[in-house]
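# Observations on the three-dimensional arrangement
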Number of protein chains: 2
Amino acid sequence: MARITAGKHASKKDVITHKAALLFRTRGFAVASMRELAEMLGVEAPSLYNHIGSKSELLQNICFSTANEFTLQLDEVENDTEAPAAKRIEQIIRFHIRMMLEKFDEVYVANHEWKYLPDPYLGNFLNQRRAYEKRLTGIIEEGIRKKELRPLNAYIAVLTILSAVRGLEFWHRGNREVPAAVLESNMTDHLLKGLIK
Amino acid sequence: MARITAGKHASKKDVITHKAALLFRTRGFAVASMRELAEMLGVEAPSLYNHIGSKSELLQNICFSTANEFTLQLDEVENDTEAPAAKRIEQIIRFHIRMMLEKFDEVYVANHEWKYLPDPYLGNFLNQRRAYEKRLTGIIEEGIRKKELRPLNAYIAVLTILSAVRGLEFWHRGNREVPAAVLESNMTDHLLKGLIK
DNA sequence: CCTACCGATCGGTAGG
DNA sequence: CCTACCGATCGGTAGG
């Protein structure tokens, strides 16, 4: 069971960044104003600039710290060379689902608002995401070679899995009758059953 | 094979709306300016207002005409009462995939920018989408009752399917080596295999 | 942490 | 279809 680190010793900058994630998710980065963010924190807008550099720096921090969490978890899974491919994919699916439920605002912003990243960062972010997808594809391809998985197109399988998991954002605001554990096992099951021989 | 209607006899308003879909997708609704849209069409910004009412009216037209296409297709599928549940779900999956590939800008905007709809329309849009998901859930529940499908949580299955299909937006800008037909059959297969007994 | 304020950009209108 | 233009809002700085 992978741990998801919770923020402790939150600095003022951390507090601002966390509230910004909430604001950027609900309003959208482009529409969200620093005046709104300031109001959420009980200060005037110019005061924010004692702790942060700019509005877009907030977006960068949210997007990259989230991306890094996913990359770190993938490192761990890849180092577990004993596990069969299906088991490793399952770990990743479960981690995605749990991140979606526990760090909803940050994951949502990283998924939806990255396009507003300024120029060098935008490219870095997309490269990092592409690399992540490539590594997932590699795990599935290995599983197919070893006859552990059905001989499907690995790239499309990755696309299918990542997108399905991302769709949990709709669950968050909708049907709350389904408990998180049921959701995690059902969705993992559905996606794996389509993968395994 | 469901048909997807192509725009003929395009009025000036249709041309503006179609270009707006492209602009809103690439730049985001909030950041896209009417001056940019005008430039794409070779006119000055105020001239647009001879054909359209407002920027947000453009968004409304894109979101609702897209939503209506999906609803109409669902009507058709539901009327085909002979077909088993898996067959009906397959038809819907394939329609989603094809819409994603053929009307990419419009579907993308309806999926991502609906939150900028002004107040009465925002609620209508969300209601329409919720009703659509409910009807899909109903088809799957029926399939489970008739023992045609595995006894999974129908709501989560709908979430999984709709989200996976939506993820094709990443394919559009990425890996073009996979032909559309392969993509459609692979993804449909993956999702159905997880559903069928 | 605040008040005061700047330059830029926006959606949209007036008037022809 | 255009030019000219308005009121509002924005990110961010100066200066304390």
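Calculation criteria
Residues numbered from 1 in each chain as written. Chains lettered and ligands numbered in written order. Predicted model: local features only at pLDDT ≥ 70, side-chain atom pairs only at ≥ 80, totals over all residues. Heavy atoms only, no water. Helix = DSSP H or I, 4+ residues; strand = E, 2+ residues; numbered from the N terminus. Buried < 20%, exposed > 50% of the residue type's maximum accessible area, 1.4 Å probe, protein only. Contact = heavy atoms within 4.5 Å. Buried area = accessible area lost by both parts, 1.4 Å probe. Salt bridge = Lys/Arg side-chain N within 4 Å of Asp/Glu carboxyl O. Polar contact = N/O pair within 3.5 Å; in protein donor to acceptor, adjacent residues only side chain to side chain. Near = heavy atom within 4 Å. Domains from an automatic or database assignment. Nonpolar A, V, L, I, M, F, W, Y, C, P; charged D, E, K, R; others polar. Least-squares fit on C-alpha atoms with pLDDT ≥ 70 in both. Expected span 1.5 Å × (residues − 1). Lys, Arg positive; Asp, Glu negative; His and termini not counted. Axes fitted to C-alpha atoms, helices over the stretch in contact; angles between N-to-C directions. Parallel < 35°, antiparallel > 145°, perpendicular 65-115°, else oblique. Left-handed = near helix turned anticlockwise from the far one by under 90°.

Once that is clear, we can look at the overall build of chain A. Helix and strand counts for chain A stand at ten helices and zero strands. The N-to-C order of helical and strand elements in chain A reads α-α-α-α-α-α-α-α-α-α. A principal-axis box enclosing the C-alpha atoms of chain A has dimensions of 60 × 40 × 30 Å. Counting every position in chain A, which comprises 197 residues, the buried fraction comes to 52%. A sequence separation of at least 24 residues applies to 72% of the contacts in chain A between residues at least 6 apart.

What follows covers the interface of chain B and chain A. Interface size is often expressed as the accessible area that is lost when the parts come together. Taken residue by residue, the interface counts 44 residues in chain B and 44 residues in chain A. Considering only the side of chain B, the residues that lose the most area to chain A are B:I156, B:F170 and B:H190, jointly responsible for 20% of the buried surface there. A salt bridge links A:R150 to B:D189, with the shortest nitrogen-to-oxygen separation between them at 2.6 Å. Summed over the shared surface of chain B and chain A, the number is eight residue pairs in polar contact (both at pLDDT 80 or more). Those elements that provide at least two residues to the side of chain B that touches chain A are α1 (12-27), α6 (104-112), α8 (154-166), α9 (168-173) and α10 (180-193) of chain B.

Looking now at the protein's contact with DNA strand C. Around DNA strand C, the surrounding shell holds 15 residues, and the nearest of these are A:S47, A:N50, B:R35, B:Y49 and B:K55. Sugar and phosphate atoms form 52% of the subset of DNA strand C atoms that lie within 4 Å of the protein. Within the side chain of A:H51, an N or O atom sits 3.2 Å from a phosphate oxygen of DNA strand C. Contact between DNA strand C and B:A32: a phosphate oxygen at 3.2 Å from a main-chain N or O atom of the residue. For the surface near DNA strand C, the secondary-structure elements that each account for two or more residues are α3 (45-48) of chain A together with α2 (34-41) of chain B.

What follows is about the domain arrangement of chain A. Residues and elements named next belong to chain A. For chain A, the assigned domains are domain 1 (1-53) and domain 2 (56-193). On a C-alpha basis, the centroid separation for the pair domain 1 and domain 2 is 24 Å. Counting every contact that joins domain 1 to domain 2 gives two salt bridges. Residue R25 is joined to D105 by a salt bridge in which the shortest nitrogen-to-oxygen separation is 2.4 Å. Mapped onto the side of domain 1 that touches domain 2, the elements with two or more residues apiece are α1 (12-27) and α2 (34-41). Per element, the largest residue contribution to the side of domain 1 that touches domain 2 is nine residues, and it comes from α1. Looking at the side of domain 1 that touches domain 2 residue by residue, the class counts come to 13 nonpolar, five polar and three charged.

To continue, consider the relation of the copies chain B and chain A. Expressed as a screw operation, the relation of chain B to chain A combines 0.0 Å of axial shift with a rotation of 180°, fitting to an RMSD of 0.0 Å. Those values place the two copies in the arrangement expected of a two-fold rotation axis. Comparing contact sets, 100% of the residues at the interface of chain B also lie at the interface in chain A, consistent with an isologous, same-surface contact.

Here the focus is helix α10 (residues 180-193) of chain A. Taking 1.5 Å of rise per residue, 14 residues should cover 20 Å, and α10(A) covers 20 Å from first to last C-alpha, within 8% of that figure. Along α10(A), the positions that sit buried rather than exposed are A:L183, A:E184, A:N186, A:M187, A:T188, A:H190, A:L191 and A:L192.

The environment of DNA strand D is made up of 15 residues, and the closest members are A:R35, A:Y49, A:K55, B:S47 and B:N50. Backbone atoms, meaning sugar plus phosphate, form 52% of the atoms of DNA strand D positioned within 4 Å of the protein. In the environment of DNA strand D, a phosphate oxygen lies 2.9 Å from a nitrogen or oxygen atom belonging to the backbone of A:M34. Contact distances for DNA strand D include 3.1 Å between a base nitrogen and a side-chain N or O atom of B:N50. Those elements that provide at least two residues to the surface near DNA strand D are α2 of chain A together with α3 (45-48) of chain B. By residue class, the composition of the surface near DNA strand D is six nonpolar, five polar and four charged.

As a further point, take the side chain of A:E169. Mapped onto the elements, A:E169 comes out in helix α9 (residues 168-173). Buried within the structure, A:E169 lacks any salt-bridge partner; B:R166 is the closest side chain of opposite charge, at an N-O distance of 4.2 Å. Setting aside its immediate chain neighbours within four residues, A:E169 contacts A:M100, A:F104, A:Y108, A:H112 and B:R166.

A word on the pattern of salt bridges. Scanning all chains against the criterion turns up 28 salt bridges over all chains. In the salt-bridge network here, residues are joined through shared partners; they are A:K87, A:E90, A:R94, A:R98 and A:E184.

Residue and element names in this part refer to chain A. In contact at an axis separation of 10 Å, α1 and α2 are set at 125° when each is read in the N-to-C sense. Classified by the interaxial angle, the pair formed by α1 and α2 is oblique. Where α1 crosses over α2, the two elements pack in a sense that is right-handed. Contacts from V15, I16, K19, A20, L22, L23 and R27 of α1 reach α2 at E36, L37, M40 and L41. Split by residue class, the contact of α1 with α2 holds eight nonpolar, no polar and three charged.

In this section: α1(B). Residues and elements named next belong to chain B. Compared with an ideal rise of 1.5 Å per residue, which puts 16 residues at 22 Å, α1 spans 22 Å between its outermost C-alpha atoms and is within 8% of the ideal. Turning to α1, its buried residues are I16, T17, A20, A21, L23, F24 and R25. At the exit of α1 stands G28, carrying a positive phi of roughly 90°.

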